[in-house]
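The residues making up each chain are set out below.
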Amino acid sequence: MTGAQPETKRGRTGKAVSTLLLAASVLALLRPMPLHAQETELRGEVSESAILSDQQRKVRQMSRARAQDLNGPATATADAPADPYSPASPGAVPDETDGTAANDSIFDQPAATDDPFVDNPSPPKPRRTSTAKQRADDADKKADNDTAGKKKTKAADKKKTKTDPTATGATTADTGTAGEDQDGANRRAVTIDSVDRQKLDPGAERTASIEGQKIKPEDDPFAATGIKVGTFVFRPTLEQGFTATSNADASSGGTSAVLSETALRFSATSDWRENSATIDGYGIFRNTVSGQKINDAQGRIEGQLNVDLDNELRAIAKLGYEAVPESASSPDAIAGVTSQPLRQTVDGSLGIEKDVGKMRYALTGAITHDFYGDADLSDGTTLSQKDRDSTLYSATLRTGYQVSPAITPFVEVEAGRRVYDLRLDSNLYERSSTRLGARAGLELDMDDKLSGEFSVGWLREAIDDDRLPANAGPYVNADLKWSPERGTIVGLTGRTTIESTTTAGESGDVLYSGRLTGERQVRANLTANSALGLDWRDYTGSDGHDLILSAEAGLTWWLNRYAGLTTRVRTEKLNSNLAGRDYVANSIFLGLKVQR
């Protein structure tokens with residue numbers, strides 16, 4: 001029993017020593033030291049640019065290794081190790097202490113060189129800067145790197161142009177490697193719209209300038225451009241030339257002559273947003289150069305105003321003035337005068353139009369006043385024409401139905417009163433009369449192809465004096481324009497006029513006038529025109545009648561947009577069953593025409 005006790009004490013002593021050694025080891029391990037995670041600084045955020053640069057650096061190192069195996073020692077200098085990675089912000093990764101560390105990745109385990117038992121351990125690494133400050137520093141350094149990269153690229157391009165052609169391959173390889181290094185160091189983040197921003201193809205065809213593009217040709221390059229006057233576009237035309245004619249005054253006793261003829265025509269169109277207005281006019285002046293003495297002038301001016309009112313109402317107002325000498329072939333022409341009296345006409349109208357569904361309604365009131373000048377007799381005296389002055393008041397009501405946008409049939413009734421300034425004329429006849437008429441027609445609107453209207457009916461003027469029969473007869477009116485093809489316009493006009501007279505025992509006559517015109521643009525600067533005319537005059541109370549036939553053809557050759565040469569040939573013939581009225585007149589005109 002006593003011999004076993006010393007062994008027990010020795011075993012307890014060994015256990016105590018082992019426990020003491022274990023405690024010393026634990027205390028040594030618990031001594032403060034930098035952790036491995038703090039050494040590699042993986043505990044904080046890792047910059048994506050650093051990861052991308054590290055991957056690109058590895059790719060370049062592998063490329064250099066393959067190139068060195070292929071090229072051998074001759075290209076050893078070209079495969080020099082790249083500069084070690086230098087982060088944009090300090091403290092992003094631990095500093096390298098030796099040259100071999102340049103080839104390691106930030107994800108490789110660092111070498112275990114720190115001894116935890118040394119007396120002077122290495123100081124802990126400084127803490128990383130904040131993320132906001134790091135991004136600001138990255139932006140500043142990136143701008144500096146971009147500027148430096150551009151300068152290096154320009155310098156490399158200049159140096160490349162001076163390099164010998166035999167060394168082109170090596171220079172290109174070096175430049176490519178340097179460019180890759182530069183791109184890796186200054187790589188920009190990919191933007192959302194980078195796909196749409198594609199590089200231009202240097203081999204693509206150059207886009208022509210705006211000035212070099214083809215200009216759309218004008219429909220009529222020789223048409224008048226017009227002059228802007230206020231809110232109107234004014235287009236004047238002046239024609240000056242000479243006329244050689246076989247019958248200067250178009251009468252049964254007329255003789256040949258050479259006349260100087262001047263014609264001034266103009267048109268003005270408003271440039272308003274809603275309403276519209278037009279003004280048209282002409283003036284013709286004739287003077288004898290040789291032959292029968294002729295010195296006369298005639299002209300007309302008229303305007304039209306279109307106004308859109310409320311409730312689908314439209315107002316149309318017209319006003320005109322005309323001054324024309326009495327024609328020598330007129331039934332009221334005075335014999336034995338040095339010049340025929342001047343007839344002046346002032347006319348105006350006001351109309352209201354309204355559309356109700358497909359129904360069309362129009363009411364128009366018109367006034368026409370004719371007054372005559374005195375006639376100068378060959379013996380030096382004058383003959384008053386005041387008993388011929390009169391005023392016509394009329395009202396017209398039209399009703400139509402639009403079958404289609406192109407065709408609108410209509411009916412029209414007219415009522416009026418003609419009042420003479422003198423109740424009794426020089427022969428003691430009461431010439432005032434009452435006017436009644438009715439007609440039916442068709443209005444066409446097919447744009448530029450066919451437009452206008454025509455109507456037929458009956459017209460009657462009953463004179464207040466029972467001794468004189470009424471002037472009455474069929475009524476025909478037409479105003480159509482047809483364009484069978486581009487550059488060709490065919491026109492048809494027709495008109496019925498009641499001509500009153502102050503001749504004793506006569507009521508007057510009914511004149512039917514028709515005219516067919518054609519205009520053809522042969523070339524852009526050459527225009528041809530022609531006209532055929534037919535007039536029929538039926539005398540009231542007798543079987544007397546006049547037939548007037550006329551034909552005309554002309555050409556206009558434009559030298560430029562503003563001037564051209566014009567010529568026309570005309571013939572006119574009057575056949576009558578009344579004595580002393582037949583005549584034939586042929587003429588030719590040649591002149592210069594200017595427009596603006």
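Look up a bit, the structure's there.
Thresholds, definitions, all that
- Residues numbered from 1 in each chain as written.
- Predicted model: local features only at pLDDT ≥ 70, side-chain atom pairs only at ≥ 80, totals over all residues.
- Heavy atoms only, no water.
- Helix = DSSP H or I, 4+ residues; strand = E, 2+ residues; numbered from the N terminus.
- Contact = heavy atoms within 4.5 Å.
- Phe/Tyr/Trp six-rings, centres within 6.5 Å; stacked < 30°, edge-to-face > 60°.
- Lys NZ or Arg CZ within 6 Å of the ring centre and 35° of its normal.
- Salt bridge = Lys/Arg side-chain N within 4 Å of Asp/Glu carboxyl O.
- Buried < 20%, exposed > 50% of the residue type's maximum accessible area, 1.4 Å probe, protein only.
- Pairing = 2+ DSSP bridges.
- Polar contact = N/O pair within 3.5 Å; in protein donor to acceptor, adjacent residues only side chain to side chain.
- Core = buried A, V, L, I, M, F, W, Y, C linked by side-chain atoms within 4.5 Å.
- 1 Å grid on protein atoms, 1.4 Å probe; cavity = no way out; pocket = protein on both sides within 12 Å on 5 of 7 lines; lining within 4 Å.
- Points joined across faces, edges and corners; volume = space filled by probe spheres on them.
- Nonpolar A, V, L, I, M, F, W, Y, C, P; charged D, E, K, R; others polar.
- Patch = residues over 30% accessible without salt bridge, like charges linked within 9 Å, V, L, I, M, F, W, Y side chains within 5 Å.
- Areas by Shrake-Rupley, 256 points an atom, 1.4 Å probe, with all protein chains shown as cover.

Would you explain the overall build of the protein in this entry?
The secondary structure content of the protein amounts to 5 helices and 22 strands. Sequence separation of 24 or more characterises 55% of the internal contacts of the protein that already satisfy a separation of 6 or more.

Looking at this structure, I do not really get the packing of aromatic side chains. What am I missing?
Note on aromatic pairs: each is described by the distance of the centres and the angle between the planes. This model, assessed by the stated rule, comprises 2 aromatic pairs. With centroids separated by 5.6 Å and ring planes inclined at 75°, the aromatic side chains of Phe232 and Trp272 adopt a geometry described as edge-to-face. Of the two residues, Phe232 sits in strand S2 (residues 232-245) while Trp272 sits in the loop between strand S3 (257-270) and strand S4 (276-291), which places them 40 residues apart along the sequence. Looking at Arg467, its charged tip hangs above the ring of Tyr429, at a distance of 4.2 Å from the centre.

Explain the pattern of salt bridges to me, please; I cannot follow it from the model alone.
Should the charged atoms of two oppositely charged side chains come close, the side chains can pair. Going through the model one piece at a time under the given rule, you end up with 31 salt bridges. A salt bridge links Asp347 to Arg300; the shortest N-O distance between them is 3.3 Å. With a gap of 47 residues between them, Asp347 in strand S8 (residues 342-356) and Arg300 in strand S5 (residues 295-308) connect regions that are remote in the sequence. Since its relative accessible area comes to 19%, Asp347 is described here as buried. Across the pair Asp425 and Arg431 runs a salt bridge, and its minimum N-O distance is 3.0 Å.

Explanation requested: the pairing of S5 in the structure shown.
Strand residues, when the strand is regular, have side chains that alternate between the two faces of the sheet. In the sheet, S4 pairs with S5 via 12 bridges, with the strands oriented antiparallel. Of the residues in S5, the one forming a bridge with Ser276 is Asn306. With antiparallel pairing between neighbouring strands as the criterion, S4 and S5 make up a hairpin whose turn holds 3 residues.

Got a minute to help me understand the environment of Arg568 in this structure?
Here Arg568 is to be found in strand S21 (residues 563-576). Classification of Arg568 by relative accessible area gives partly exposed; the value is 21%. Here the alpha-carbon distance between Arg568 and Asn529, two residues 39 residues apart in the chain, equals 8.8 Å. Among all residues touching Arg568, those that are not within four sequence positions of it are Glu239, Glu261, Glu552, Ala553, Gly554, Ser587, Ile588 and Phe589. Of note is the side chain of Arg568, whose polar atom sits 3.2 Å from the side chain of Glu239. A polar side-chain atom of Arg568 sits 3.3 Å from a polar atom in the side chain of Glu261.

Even after reading the chapter, I still don't get the nonpolar core, so can you show me in this structure?
Soluble globular proteins: nonpolar side chains tend toward being buried together. Judged by nonpolar contacts, Leu459, Tyr475, Ile498, Val510 and Tyr512 together constitute the single largest core of 5 residues. When residues no more than four places from it in sequence are discounted, the contact partners of Tyr475 are Arg439, Ser455, Val456, Gly457, Trp458, Leu459 and Thr496.

Explain empty space enclosed by the protein to me, please; I cannot follow it from the model alone.
If a probe as big as a water molecule is rolled over the atoms, it shows which places are left empty. Here the structure, examined in full by the defined rule, presents 1 cavity of 30 Å³ or more. One number sums up the size of the largest cavity: a volume of about 50 Å³. As for the largest cavity, its lining consists of Arg418, Tyr420, Arg431, Ser433, Glu461, Ile463, Asn471, Ser500, Thr501 and Ser507. Every element with two or more residues in the lining of the largest cavity is listed here: strand S13 (407-420) and strand S15 (450-463). A breakdown of the residues in the lining of the largest cavity according to their chemical character gives 2 nonpolar, 5 polar and 3 charged.

Can you walk me through a nonpolar patch on the surface in this structure?
Residues Leu238, Leu264, Trp557, Leu559, Leu565, Leu592 and Val594 make up a contiguous nonpolar surface patch of about 590 Å² in total accessible area. By secondary structure assignment, the location of Leu565 is in strand S21. Taking relative accessible area as the criterion, Leu565 reaches 37% and is therefore assigned partly exposed.

Got a minute to help me understand the side chain of Ser455 in this structure?
By secondary structure assignment, the location of Ser455 is in strand S15. With a relative accessible area of 3%, Ser455 lands in the buried category. Residues in contact with Ser455, not counting those within four places in the same chain, are Phe410, Arg439, Ala440, Gly441, Tyr475, Val476 and Asn477.

Teacher, can you tell me more about the side chain of Asn525 here?
Structurally, Asn525 is set in the loop between strand S18 (508-523) and strand S19 (526-539). Residue contacts for Asn525: discarding those within four places in its chain leaves Phe222, Thr556, Trp557 and Trp558.

Sorry, what's going on with the sheet that holds strand S11 (residues 382-383) here?
Each strand in a sheet pairs with another by means of backbone hydrogen bonds, the pair being arranged parallel or else antiparallel. In spatial order, the strands read S7-S10-S11; together these 3 strands make up an open sheet with antiparallel pairing. Every interior strand has two partners, whereas the edge strands, strand S7 (337-339) and S11, have only one. In this structure, strand S10 (residues 375-377) lies alongside S11, joined through 2 bridges in antiparallel fashion. Following the sheet pairing, Asp376 is matched in S11 by Thr382.

I'm lost on the environment of Tyr372 in this one. Help?
Within the secondary structure, Tyr372 sits in strand S9 (residues 359-372). Between the C-alpha atom of Tyr372 and that of Gln385, which follows or precedes it by 13 residues, the distance is 5.8 Å. Other than its neighbours up to four places away in sequence, Tyr372 contacts Glu326, Leu342, Arg343, Gln385, Arg388 and Asp389.

I would appreciate a short explanation of the pairing of S8 in the present structure.
Pairing of strand S6 (residues 313-325) with S8 involves 13 bridges; the strand directions are antiparallel. Note on S8: the bridge partner recorded for Leu313 is Lys354. Note that S8 and S9 share 14 bridges and pair antiparallel. Following the sheet pairing, Val356 is matched in S9 by Met359.

Please explain unusual backbone geometry as it appears in this structure.
Residues other than glycine predominantly adopt negative phi, and peptide bonds predominantly adopt the trans conformation. One non-glycine residue with positive phi stands out, namely Ala250, at about 50°. With respect to the helices, strands and loops of the structure, Ala250 is situated in the loop between S2 and S3. Positive phi outside glycine occurs at Asp447, with the angle close to 55°. Assignment of secondary structure puts Asp447 in the loop between strand S14 (433-446) and S15.

No statement about biological role is implied by the geometric values presented.
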